[in-house]
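# Structural overview
Read off the chains here:
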Amino acid sequence: DKNVAIVNLEAIEKKFQDGEVVNPTTLIQKRLVYGAKSKIPQIKVFGKGSLTKKLTFESCIFSKSAREAVEKVGGKII
């Protein structure tokens, strides 16, 4: 029973500035995802909305469209 949180690119676009790191911890800090320190959810990013900022994504799973959108704007997936 995996603890999975879904986040769309449109929500990430609104809350993050160019150059920031997107990971489970920063998503919780910006209240896009809810989780406790002891139970950090697995993040799944979907491609709804658009992304214009170069962001670095860590420890996230991507839909195909979300991955393409991140790479298209020069973002990194680690």
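In this text, all values refer to a predicted model and were calculated from it rather than measured experimentally.

Definitions and limits used
- Residues numbered from 1 in each chain as written.
- Predicted model: local features only at pLDDT ≥ 70, side-chain atom pairs only at ≥ 80, totals over all residues.
- Heavy atoms only, no water.
- Core = buried A, V, L, I, M, F, W, Y, C linked by side-chain atoms within 4.5 Å.
- Buried < 20%, exposed > 50% of the residue type's maximum accessible area, 1.4 Å probe, protein only.
- Helix = DSSP H or I, 4+ residues; strand = E, 2+ residues; numbered from the N terminus.
- Contact = heavy atoms within 4.5 Å.
- Pairing = 2+ DSSP bridges.

## Quick look at the nonpolar core
I12, L27, I43, V45 and F57 are the most contacted members of the largest nonpolar core, which has 19 residues in total. Elements with a contribution of two residues or more to this core: β1 (4-8), α1 (9-15), α2 (24-29), β3 (42-46), β5 (60-62) and α3 (64-72). Apart from the residues within four sequence positions on either side, I43 is in contact with A5, V7, P24, L27, V33, S59, C60 and I61.

## Regarding the pairing of β3
In summary, the side chains of a regular strand alternate between the two faces of the sheet. Alternating positions in β3 separate cleanly, I43 and V45 being buried on one face and Q42, K44 and F46 remaining unburied on the opposite face. Across five bridges, β1 lies against β3 in parallel orientation. Bridge assignment links A5 to a residue of β3, and that residue is I43. The sheet contact formed by β3 and β5 spans three bridges and is parallel. Within the sheet, the bridge partner assigned to I43 lies in β5 and is C60.

Note that every value here comes from positions in space, so none of it alone points to a role or purpose.
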